[in-house]
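What follows is each chain in one-letter form.
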Protein chains: 2
Amino acid sequence: MKAAMQAYVDGFNRADPQAIADLYADDATVEDPVGSEVKRGKAAIAAFYKMAVDTGAKLELAAPVRASHGNAAAMAFNVHLNMPEGKARIQVIDVMTFTPDGKFASMQAYWGKTDMVVEP
Amino acid sequence: MKAAMQAYVDGFNRADPQAIADLYADDATVEDPVGSEVKRGKAAIAAFYKMAVDTGAKLELAAPVRASHGNAAAMAFNVHLNMPEGKARIQVIDVMTFTPDGKFASMQAYWGKTDMVVEP
């Protein structure tokens, strides 16, 4: 599970949305941020990550990836991006659940407006 | 939500299981770690935290607490404890969901054996 989480970060930072989408099961779901509309299925997920990497955003782990005793893992990371207001950092925690064959079944991203920091 | 998460950490580090239990709704659930048996209700939750703080464990945030756009928040932290083998650190991510009146409705702790590090 930790290897898949790291492959997610690496795929994002290579700006490779297809590599990210291939980590997901065909009928997987993405809720980013938690509380927003859920994206379902590989095509919607690939489109979401294309949009995300096209912003130029880069991910940096804030702490080591955690696994669970069950079929889930979580990681805390910072998203670095350039906004009209300047460099910004979004502090996020992602939780992924896994299918038996090691694909992401679901992703939930925990972040809100108060987790976005414009850097000096 | 972030204030409640901080109160959780503070209550734990004061070794005050009742203060922690009071952050939970009456019918709340705790799954620690994810994949283990779910504890349900304030009495079971208070007993769980009494056991946890009696180990002498202390919590240290590894990164700022995250909120979501929905009724949930997450935090990455290290649990420091003294084990027969020496000082140990468990790297955990907790996800809490909230009731409308700001109590924890559920807690899920993401960690497994590979997240436990014995320190030199």
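Chemist: Which parts of the structure should I look at to understand the overall build of chain A?
Modeler: The helix and strand inventory of chain A stands at 3 helices and 8 strands. Helices (α) and strands (β) of chain A occur, in sequence order from the N terminus, as α-α-β-β-α-β-β-β-β-β-β. Its C-alpha atoms give chain A a radius of gyration of 14 Å, near enough to 14 Å, the size a compact globule of 120 residues would have. Dimensions of chain A, computed from the C-alpha atoms along their principal axes, are close to 45 × 30 × 25 Å. Within chain A, the fraction of its 120 residues that count as buried is 51%. Counted over contacts in chain A with a minimum sequence separation of 6, partners at least 24 positions apart contribute 49%.

Chemist: What is the right way to look at the relation of the copies chain B and chain A in this model?
Modeler: Two copies of a chain can be linked by a rotation about an axis combined with a shift along that same axis. Of the two same-sequence chains, chain B is brought onto chain A (RMSD 0.0 Å, axial shift 0.0 Å) by a rotation of 180°. Considering both components of the superposition, the chain copies are consistent with a two-fold axis. Distance from the rotation axis, computed per C-alpha, reaches its smallest value in chain B at alanine 76 of chain B: 3.2 Å. Taken as a fraction of all interface residues of chain B, those also at the interface in chain A reach 100%, which identifies the copy contact as same-surface.

Chemist: What is the right way to read the environment of phenylalanine 12 of chain B from this model?
Modeler: Residues and elements named next belong to chain B. Along the polypeptide, phenylalanine 12 turns up in helix H1 (residues 2-13). For phenylalanine 12, a relative accessible area of 6% gives the class buried. Residues phenylalanine 12 and arginine 40 lie 28 residues apart in sequence; the distance between their C-alpha atoms is 19 Å. Filtering out sequence-adjacent residues up to four positions away, phenylalanine 12 remains in contact with Ile20, Tyr49, Ala52, Val53, Ala57, Lys58 and Leu59.

Chemist: Teacher, can you tell me more about the interface of chain B and chain A here?
Modeler: Contacts between chain B and chain A engage 30 residues on the former and 30 residues on the latter. With both chains or domains summed, chain B and chain A bury close to 2,100 Å², and 63% of this area falls on carbon and sulfur atoms. It is Arg66, His69 and Tyr110 of chain B in chain B that bury the most area against chain A; as a group they hold 30% of the surface buried on that side. Across the contact surface, chain B and chain A share 2 salt bridges. Of the charged contacts, one joins lysine 2 of chain A and aspartate 115 of chain B as a salt bridge, the two residues approaching to 2.7 Å between their closest N and O atoms. Where chain B packs against chain A, one counts 23 residue pairs in polar contact (both at pLDDT 80 or more). Every element with two or more residues in the side of chain B that touches chain A is listed here: strand S4 (66-67), strand S5 (72-83) and strand S6 (86-98) of chain B.

Chemist: Just to check I follow, could you spell out the pairing of S5 of chain B for this structure?
Modeler: Regular strands have side chains that alternate between both faces of the sheet. Residues and elements named next belong to chain B. Within S5, 9 of the 12 residues are buried, which leaves the element mostly enclosed by the surrounding structure. Two elements, strand S3 (residues 58-61) and S5, share 4 bridges in a ladder whose sense is antiparallel. In the strand pairing of S5, lysine 58 is matched with histidine 80. In textbook terms, the turn of a hairpin is the stretch between consecutive antiparallel strands, and for S4 and S5 this stretch comprises 4 residues. Relative to S6, S5 is paired through 12 bridges, and the arrangement is antiparallel. Directly across from leucine 81, in S6, lies its bridge partner alanine 88. Counting the residues in the hairpin turn of S5 and S6 gives 2 residues.

Chemist: Could you clarify how one ought to interpret the packing of aromatic side chains in this entry?
Modeler: Two aromatic rings are characterised by how far apart their centres lie and by the angle between their planes. Per the counting criterion, the structure on display carries 12 aromatic pairs over all chains. With a centroid separation of 5.0 Å and an interplanar angle of 70°, the aromatic rings of phenylalanine 48 of chain A and tyrosine 49 of chain A are classed as edge-to-face. Across the pair, exposure class does not vary: phenylalanine 48 of chain A and tyrosine 49 of chain A are buried alike. Of the aromatic side chains, those joined through ring pairs into one cluster are Tyr8, Tyr24, Phe48, Tyr49, Phe98 and Phe104 of chain A. It is lysine 39 of chain B that lies over the ring of phenylalanine 48 of chain B; its NZ or CZ is 4.9 Å from the centre.

Basis of the calculations
- Residues numbered from 1 in each chain as written.
- Chains lettered and ligands numbered in written order.
- Predicted model: local features only at pLDDT ≥ 70, side-chain atom pairs only at ≥ 80, totals over all residues.
- Heavy atoms only, no water.
- Helix = DSSP H or I, 4+ residues; strand = E, 2+ residues; numbered from the N terminus.
- Rg over C-alpha atoms; globule rule 2.2 N^0.38 Å.
- Buried < 20%, exposed > 50% of the residue type's maximum accessible area, 1.4 Å probe, protein only.
- Contact = heavy atoms within 4.5 Å.
- Least-squares fit on C-alpha atoms with pLDDT ≥ 70 in both.
- Buried area = accessible area lost by both parts, 1.4 Å probe.
- Salt bridge = Lys/Arg side-chain N within 4 Å of Asp/Glu carboxyl O.
- Polar contact = N/O pair within 3.5 Å; in protein donor to acceptor, adjacent residues only side chain to side chain.
- Pairing = 2+ DSSP bridges.
- Phe/Tyr/Trp six-rings, centres within 6.5 Å; stacked < 30°, edge-to-face > 60°.
- Lys NZ or Arg CZ within 6 Å of the ring centre and 35° of its normal.

Distances and angles like these do not, on their own, reveal function.
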